[in-house]
Amino acid sequence: MRSSGLLAAAYSLIGGSWAASCWRETTCTGPLEPAFPGEWDAYNHAPDSRSVEPKAVLSSDLLSSTTYDGSVILSADTPQVVLDFAKEVGGIITLNYASDGAATIGLSWTEAKNWIGSDSDYSNGGSTPDGHLTLNITGPGSGSYEVPLEKLRGGFRYFTLSYSGSTATTVNVSDVRLEIGFQPTWSNLRAYQGYFHSSDETLNKIWYAGAYTLQTNTVPIHTGRAIPMVKNTWANNGTLGNGSTIIVDGAKRDRAVWPGDMGVAVPSTFYSVGELDSVANALQVMYDYQNKEGSLPEAGPPLLQQDSDTYHMWTLIGTYNYVLYTNDTSFLALNWERHQKAIEYIYGKVDDTSGLLIVTGTRDWARLGQGFNNSEANVILFRTLTTSSYLAALMGNSSLSETYQDRATTLSIAINTHLWDSSYGAFRDNATDTGLYPQDANSLAVLFNLTSAEQDQSISSRLVENWNAIGAVSPELPGQISPFISSFEIQSHFIAGNATRALDLIRRSWGWYLNHPNGTESTVIEGYLEDGSFAYRFNRGYSDPSYTSHAHGWSSGPTSALTNYVVGLTVTGPAGQTWSFAPQFGDLQSAEGGFTTALGKFRAAWTIGDTGKSYDVNITAPEGTVGSVLLPRLSASEKTKITINGKAGVYNARTIGRLPGYAITAHGGTHHIVVQEIVDA
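Just so we're clear, the structure is a prediction, and the values are computed from it rather than from any experiment.

Asker: Whenever I open this one, the nonpolar core confuses me. Can you help?
Answerer: When a protein is soluble and globular, its nonpolar side chains tend to lie buried together. In this structure, Ile93, Leu95, Leu107, Phe159, Leu161, Phe581 and Leu631 are the most contacted members of the largest nonpolar core, which totals 181 residues. When residues of this core are assigned to their parent elements, the largest contribution, 10 residues, is made by helix 5 (residues 309-326). Excluding its chain neighbours within four sequence positions, the residues that come into contact with Leu161 are Val72, Leu74, Pro79, Gln80, Val81, Leu83, Leu95, Ile105, Gly106, Leu107 and Val173.

Asker: Even after reading the chapter, I still don't get the packing of aromatic side chains, so can you show me in this structure?
Answerer: In this description, an aromatic ring pair is defined by two values, namely the gap between the centres and the angle between the planes. Scanning the model with the defined rule gives 35 aromatic pairs in all. Sitting over the ring of Tyr347, Arg407 keeps its end group 4.2 Å from the ring centre. For Lys601, the ring lying beneath its charged end belongs to Phe36, and the centroid distance is 5.5 Å.

Asker: Honestly, helix 3 (residues 259-271) in this entry has me stumped. Any pointers?
Answerer: One turn of the α-helix equals 3.6 residues, which is why residues spaced by three or four share an orientation. Along its 13 residues, helix 3 runs 18 Å from first to last C-alpha, staying within 8% of the 18 Å computed at 1.5 Å per residue. The sharpest bend along helix 3 reaches about 35° and sits at Ala265, with the proline Pro267 one to four residues further on. Burial analysis of helix 3 places 13 of its 13 residues in the buried class, which makes it a mostly covered element.

Asker: Help me understand the side chain of Glu88, please; the structure alone is not making it clear to me.
Answerer: Here Glu88 lies in strand 5 (residues 80-99). A polar side-chain atom of Glu88 sits 3.5 Å from the main-chain amide nitrogen of Phe156. Those residues in contact with Glu88 that lie beyond four places of it in its chain are Glu111, Gly155, Phe156, Tyr212, Thr216, Ala251, Thr520, Ser522, Thr523, His550 and Ala551.

Asker: What am I meant to see in the layout of surface pockets here?
Answerer: A water-sized probe, rolled over the atoms, reveals where empty space remains. When its volume is computed, the largest pocket comes out at roughly 1200 Å³. Along the wall of the largest pocket there are 40 residues; nearest its centre are Leu447, Ile495, Tyr565, Thr570 and Thr572. Of the pockets and cavities examined, the second largest pocket occupies roughly 510 Å³. What lines the second largest pocket is a set of 29 residues, and nearest its centre among them are Asp254, Trp258, Arg363, Arg537 and Tyr542. When the residues that make up the lining of the second largest pocket are grouped by side-chain class, the tally is 9 nonpolar, 8 polar and 12 charged.

The rules behind these values
Residues numbered from 1 in each chain as written. Predicted model: local features only at pLDDT ≥ 70, side-chain atom pairs only at ≥ 80, totals over all residues. Heavy atoms only, no water. Core = buried A, V, L, I, M, F, W, Y, C linked by side-chain atoms within 4.5 Å. Buried < 20%, exposed > 50% of the residue type's maximum accessible area, 1.4 Å probe, protein only. Helix = DSSP H or I, 4+ residues; strand = E, 2+ residues; numbered from the N terminus. Contact = heavy atoms within 4.5 Å. Phe/Tyr/Trp six-rings, centres within 6.5 Å; stacked < 30°, edge-to-face > 60°. Lys NZ or Arg CZ within 6 Å of the ring centre and 35° of its normal. Expected span 1.5 Å × (residues − 1). Bend = angle between axes of the 7 residues up to and from the residue. Polar contact = N/O pair within 3.5 Å; in protein donor to acceptor, adjacent residues only side chain to side chain. 1 Å grid on protein atoms, 1.4 Å probe; cavity = no way out; pocket = protein on both sides within 12 Å on 5 of 7 lines; lining within 4 Å. Points joined across faces, edges and corners; volume = space filled by probe spheres on them. Nonpolar A, V, L, I, M, F, W, Y, C, P; charged D, E, K, R; others polar.

Written out as C-alpha cells, the structure is:
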C-alpha cells in the first residue's frame, strides 16, 4: 500500500494537471475556448476539469441523496454506498482508504439507476456479466487504489462500493476521483465549436445531451473493447486505429467504430462539438481494413465484423460527410482508389432485370429481415451513388461523376417502380407483397431526396401511425423504439415541411428519456422498449437488459436536426464555401445557433415578433462564402416586405425544394433581415 501522505502529494500534482490537461500522454490539439460563449453554456454537461468527483451519495433505498463531502464509511452496518456523479462520465477511478481491520471492497459501475448493485452493468459483449473489481484490504492501515487502465469504465453515472469482511471492521473511503477518459486531445472539455438555443427549454437540453453523448463517444485509440471478449469481467484495452482519438458507437459499449452509427453521429458532431479528427481516424481505419474484393468491414478493429452491405455503404457516405465539413481533399485523395473499388463492389450486386440492389451482406443495425432487394439498403445505395458523384467531381473526374449520377438516377426509378406502394403511400420492405412498411427506408428515402413532395407528405403521415406516447415504434424491429432510426425520421418530417410534427417526436422520445429518473439525465440512449423499459434488444442478441448503452451517438440526431432545420443553417459546399439558411419555426418563438469550419464561424438567429406578423433574422458567415436563404412565409400572402441591412423591398413567395418562402442570395458577412407581413388594404 502507498501511504496516504504520498497519495495526497500525488493528488496535488496529478489533480492539478488533470484540470487543464489532455488524456495522459496525449498531445493537446483541441480548441482552448468555446467558439460561441453565452447563456446556453449552462446546458453543456461537459466537466470543466478532467478530474471530477461524485456529486451525491444515494440513500440505501436509492430514492434520495445527500451531498458527497469527500468520504464515506463502509461496514457491516453499511455494506453498500452508491456515489452519483449526476451525469454520464467515464474514465479511471482513484480513491483513498483507511481501515481498522481486514476487509474486501467491491467496485461496480452502472449507467442507469435500475442496475445499481454489487455488480456492474453488462458491457463485455459476451453472455457473462461484467461483475466487479475487488480491493482487498489485508489489515489495519491506509492506502490508495487506482483502477487498472485496461479496466477503464467508458460510461457510467453511478459508482458502487460494496463491503464484505469482519463485522468489527470499518473502512473510510475518501477522495474518490475520476480522471475523464473521453475527448482525449482536448484540455478544455467545454470548448464546443457549435451551439444552439431556442425558446424551448426541453429542446435546448436535448441538443446538448446529444453533443455531450458524442464527446463521451470520442475516446483514446487504445481503449476499445477487447477482442476476444473476456468472460465475467471486462477489458477496454483494444486498439481501435491510428492517431490519438477516434469516434466509437457508445461510451460504455461497444467502444468500436461502426460506420452506420456515424451516419447520425458525424453530422451531429460537426454541428456541436466540432472535433472531426476522430471522424477521420475512424473512416481511415475502415479503408485500411478493406477486403481484397472491395468490401469494407461492418465494424473497425479489433472487432472487424464483416458481411454488412449497408454499413459498407455508410463508410462511403461518411467519407462524403467528412469531406463536406472539412474540405480535407488530402484524405479523399489518399483513399479515392479504395473508395472507387468499394463502389464497384456494391454496385456489382445490382440486379440487371429489376435494377435493384440484391443484398447478400445481411448484417445491419438490428432490423429484422435484411436481404434480397431490401428497400432500406437500396435507398442507402442511392445516397452512396449521389454522394460519390459529388466526390468524383471534387477529384476532378467529371466522367466518373456522371457515371455515378446516372446510376443513381436509374436506381431511383427502380426503387419507385418496384418498392413504392401507391395504394398505401409508403415504401415496402422489399419488392414482394409484404405488408411491412419500414421506418428506416421511408425516413431515409425522404432524407436522401428520392421522393416527390406528395410522397413526402404521405410518408410523413404514415410514419406517425407508428408512434406511441414515448416515441416511434419501429415496424422492422417490433416492440422497440430506435432513436437511431428516429433520428432519420425527424429529419424526414422537417424536409416534408412538418416542423411541428418533427418537434413533437423529439420531445416525446428524447425528452422522455432525458427526464427519466433512472437514466443519465445527460445523454441519449441507444434504444428502449415500447413500454418504456430499458431493455432494448433483450430478445434480439443482447444478453441482459443492462447491456443497453445509455450514451450512444447514433441517437444524437436532434442535435444536427435542430441546427439544420429549426435554426435553418447548413453547409452545402466544402467547409461551408456555400451554405443555406432555411429556418422552420414550428411552435417556437425564437432559435439561434452556430458552428465553425476551417473558413470561420457561421451563425444565425431568428425571433418572431409579438404580433406574429413579422420576424427578425441575423446571419453571419465568413467572407467569401455564399448562402442560399429561404425566408419562411408568415401567412398565405404571396408577397411580403423584407428589409435587408436597412434596404426594403417587396418579395414574391417561391417554393424551394419542399418549402415555400422568399428566396434571396447572401454573401459572407453579417446580415440583419426583417420580414413583415403585408396586410391588404
